[in-house]
Amino acid sequence: MSLVAFNNTVLRDGHQSLAATRMTTAQMLPAAPILDELGFAGLETWGGATIDSCLRYLGENPFDRLRALKKAAPKTPQIMLLRGQNIVQYTSFPDDVVEAFVRANAAAGQDIFRIFDALNDTRNLATAIKTVRSCGKHARGEICYTTSPVHTIEAFVKLGVELEKMGCHSIGIKDMSGVIAPRIAYNLVKELKSKVGLPITLHTHDTAGLGAAAYLAAIDAGVDAVETSITPFANGTAQPDTVRMLALLEGHPRCPKFNTAKLQQLREYFTGVYKELEKFTSPANERVDSDTLCYQVPGGMLSNFRNQLKEQGMTDKFEQVMAEIPYVRQCLGWIPLVTPTSQIVGTQSMLNVKFGRWKNFSQPAMDIALGKYGRTPGPIDPQVLKLALEKSGQKQIEGRPADALAPRMAKLREELAAAGLPTNDEACVLHAMFPREFSALYKKPAAPAAAAAPAAAPAKASGPVSRYALTVNGQRTEVTVAELN
Ligand code: CO
């Protein structure tokens, strides 16, 4: 077997997972040429929460970041994480907006697109895959890994075969919560390799202390690439560190060759950056998360959730709410717990414990039952579906959610022109997803990062955290959404 390839995530998932996505382009640029020299198969630099963070907190145009990094690291392919039809937001966008986003991104220098859907509904990936291909770029179809009775190795392999048929150039196993056990990783990679003729990448997080061991097992099973970061933006809730993985692979026939002096130089450089971002970091992010092992619920979701329970005066109900999560997941078709479904399931579990099961049916949970997010992995519980149909007075959607959305690009261009803002595709897609933040970028072009940053970063949050209000039975509930990517 050939040497295993490493992709590096320090410029995206590394700081998203450990420093609330606050690394600035200026902090990245000195490291980019060194990363470029090392022989990583790809550098993940964009997508996930970085676009939101650039606009909301850093006063940066995210496309300018991509161009700058491409110039500073021209040799290594750049990777982005794309949330299928949601692009980098939480709701579905029409096809013409998804297409414009991919085209603008490809033109700005993106090479590899990691495309996923929270429900693993491949219909939500189709437009993105097709457009990436038409731009001559690399489409990596991602399988969101989760544990449930319907998420068997067989089901994941079926998904991999489907992604291959849809035209993906490679397949990714995306374990956003760091819950894949080494033996499962081994079996899944083996099966995928035997049924799919494409390169396979494993992406995990070391949250529960399983990440590095899962990589070792996957490498034994023949995985083509794994994703590593650079300490101190590595391990814990982020990807295992590159030097650590090399040490773990010493003597292994597939161990890749890296210049250790250059890796050391990077570690020193990023140690300085980590200090600069100290207020966005938390020691809790670096500990092995035993909650994840106990409750089988992503760590990032749990820490936010503890705060939410506290605000509701329900701290004593923690165990009860935790026990309710698998029940709610089952009723909602065993959806994976990833942004935004993790928060929807968590909130509904809390409401069930507080008011009685389904006495307060939150709108987002009802939308999942009604098919508005896509096809769920398992069937919706018939009683819960009946309730959702009665309460909403709507029908269940069977088609692809984006089919119900009218094209928007012309309208977006008009709105931008009326506001005196740029009207190119980059502007349109940012305006579609972050209208307020995008126009603020032009009103205050030199907004210093520090001024826009909140006083304290929430512990264990892995990305920008947004809050939205939810009214149930006349009671206002605040819901916190943390990125799990
Ligand atoms: Co990730």
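For clarity, every value in this text was computed on a predicted model and none was experimentally measured.

Caption draft 1: Structural detail: the layout of surface pockets. If you add up the space inside the largest pocket, you get close to 370 Å³. Lining the largest pocket are 14 residues; nearest its centre among them are Asn120, Ala155, Lys158, Leu159 and Pro377. Of the residues in the lining of the largest pocket, the class split is six nonpolar, four polar and four charged. Formed jointly, the lining of the largest pocket draws a minimum of three residues from each of two domains, domain 1 (5-280) and domain 2 (284-403).

Caption draft 2: Spotlight on the packing of helix α5 (residues 62-72) against helix α20 (residues 425-433). It is at 10 Å that the axes of α5 and α20 come closest, and there the two elements cross at 130°. As the angle between them shows, α5 and α20 are arranged oblique. Contacts from Pro62, Phe63 and Arg67 of α5 reach α20 at Glu426, Val429 and Leu430. Within the contact of α5 with α20, the residues separate by chemical class into four nonpolar, no polar and two charged.

Caption draft 3: Examining helix α15 (residues 318-331) more closely. If you check α15, its first and last C-alpha atoms are 20 Å apart, about what 14 residues at 1.5 Å a residue would give, namely 20 Å. The first or second residue beyond α15 is glycine 333, which carries a positive phi of 75°.

Caption draft 4: Quick look at the sheet that holds strand β3 (residues 78-82). Strand order in the closed barrel formed by eight strands is β1-β2-β3-β4-β5-β6-β7-β8, with parallel pairing between adjacent strands. Pairs of neighbouring strands in the sheet enclose a mean axial angle of 30°, with direction left out of account. Strand direction decides the pairing type here: strand β2 (residues 42-47) and β3, joined by four bridges, are parallel. Bridge pairing in β3 places glutamate 44 opposite isoleucine 79. The strands touched by helix α1 (residues 10-18) within the sheet are β1 (5-8), β2, β3, β4 (112-115) and β7 (200-203), with β2 carrying the most contacts at an inclination of about 60°.

Caption draft 5: A look at the environment of serine 92. If you trace the backbone, serine 92 turns up in the loop between β3 and α6 (95-107). For the pair serine 92 and alanine 402, spaced 310 residues apart in sequence, the C-alpha separation works out to 6.3 Å. Not counting chain neighbours up to four residues away, the residues in contact with serine 92 comprise Gln85, Asn86, Pro401 and Leu405.

Caption draft 6: Main features of the pattern of salt bridges. Scanning the entire structure with this criterion turns up 30 salt bridges. Across the pair arginine 400 and aspartate 403 runs a salt bridge, and its minimum N-O distance is 2.9 Å. Via salt bridges that share partners, Arg12, Asp13, Glu44, Arg114, Arg140, Glu142 and Glu227 belong to a single interconnected network.

Caption draft 7: Broad picture of the domain arrangement of the protein. Each assigned domain of the protein is listed here: domain 1 (5-280) and domain 2 (284-403). Using C-alpha coordinates to define each centre, domain 1 is positioned 26 Å away from domain 2. Facing 32 residues of domain 1, the contacting portion of domain 2 comprises 29 residues. Contact with domain 2 buries area across many residues of domain 1, yet Ala118, Leu119 and Arg123 alone supply 26% of it, more than any other trio. Applying the counting criterion to the domain 1 and domain 2 interface returns two salt bridges. Between aspartate 121 and arginine 375 there is a salt bridge whose closest N-O contact spans 3.9 Å. Scanning the region where domain 1 abuts domain 2 turns up 11 residue pairs in polar contact (both at pLDDT 80 or more). In the side of domain 1 that touches domain 2, the residues fall into 13 nonpolar, 15 polar and four charged.

Caption draft 8: How the structure looks around unusual backbone geometry. Looking along the chain, the bond that leaves threonine 231 and enters proline 232 is cis, with omega of 5°. Among the structural elements, proline 232 can be located in the loop between β8 (225-228) and α11 (242-248). In this structure, asparagine 235 takes a positive phi of about 65° despite not being glycine. Locating asparagine 235 in the fold gives a position in the loop between β8 and α11. One non-glycine residue, tryptophan 358, lies in positive phi territory at about 60°. By the secondary structure assignment, tryptophan 358 is in the loop between α16 (341-355) and α17 (363-369). A relative accessible area of 7% places tryptophan 358 in the buried class.

Caption draft 9: Region of interest: the pairing of β8. Neither face of β8 is left uncovered, since the one carrying Ala225 and Glu227 and the one carrying Val226 and Thr228 both have all their residues buried. Where β1 lies against β8, four bridges are found, and the strand directions are parallel. Across the sheet, alanine 5 pairs through a bridge with alanine 225, a residue of β8. Strand direction decides the pairing type here: β7 and β8, joined by two bridges, are parallel. For leucine 202, the partnering residue across the bridge sits in β8 and is valine 226. Following the backbone out of β7, through helix α10 (residues 211-220) and into the adjacent parallel β8, one traces a crossover that is right-handed.

Caption draft 10: Spotlight on the nonpolar core. Core analysis: the largest hydrophobic core is formed by 96 residues, its most contacted members being Phe101 and Phe270. Not counting the four nearest positions on each side in its chain, phenylalanine 101 is found in contact with Trp46, Ile51, Met80, Leu82, Ile87, Val429 and Met433. Judged by nonpolar contacts, the second largest core, of 31 residues, contains Leu119, Ile344, Ala365 and Leu370.

Calculation rules
The numbering scheme is per chain: residues are counted from 1 as the chain's sequence reads. Predicted model: local features are reported for residues with pLDDT of at least 70 only, side-chain atom pairs are reported and counted for 80 or more only, and whole-chain, interface and lining totals are derived from all residues. The basis for every side-chain value is the complete set of heavy atoms in the structure, and neither hydrogens nor water enter the calculation. Every definition here rests on a 1 Å grid over the protein atoms only: cavities are sets of points where a 1.4 Å probe fits but cannot get out, pockets are open sets enclosed by protein on both sides within 12 Å along at least five of seven lines, and lining residues have some atom within 4 Å of a point. Grid points are joined across faces, edges and corners, and a volume is the space filled by probe spheres set on the points. The residue classification treats Ala, Val, Leu, Ile, Met, Phe, Trp, Tyr, Cys and Pro as nonpolar and Asp, Glu, Lys and Arg as charged. All others, Gly included, are polar. Start and end points for every domain follow an automatic or database-based domain assignment. To obtain an axis, a line is fitted to C-alpha atoms, over the contacting stretch when the element is a helix, and the angle between two such axes runs from 0 to 180 degrees between their N-to-C directions. Working definition: helices are DSSP H or I runs of at least four residues, strands are E runs of at least two. Numbering for both runs from the N terminus. The scheme is simple: roughly parallel for angles under 35 degrees, roughly antiparallel for over 145, roughly perpendicular for 65 to 115, oblique for anything else. Residues count as neighbours in contact if any of their non-hydrogen atoms are within 4.5 Å of one another. Given the number of residues in a helix, its expected span is that number minus one, multiplied by 1.5 Å. In this description, strands pair whenever DSSP reports at least two bridges between them. One side-chain nitrogen of Lys or Arg within 4 Å of one carboxyl oxygen of Asp or Glu is enough to make a salt bridge. Buried area is calculated as the accessible area (1.4 Å probe) missing from two parts once they are joined, with the contributions of both summed. Any pair of N or O atoms that falls within 3.5 Å is considered a polar contact. Within protein, one atom must be able to donate a hydrogen and the other to accept it, and sequence-neighbouring residues count only if both atoms are side-chain atoms. For every residue, the accessible area obtained with a 1.4 Å probe (protein chains only) is divided by the maximum for its type, and the residue is called buried under 20%, exposed over 50%, and partly exposed between those limits. A crossover gets the label right-handed when its path from the first strand over the helix to the second runs clockwise, viewed with the strands pointing away from the viewer. We define the nonpolar core as a collection of buried residues of types Ala, Val, Leu, Ile, Met, Phe, Trp, Tyr and Cys that are connected through side-chain atoms lying within 4.5 Å of one another.

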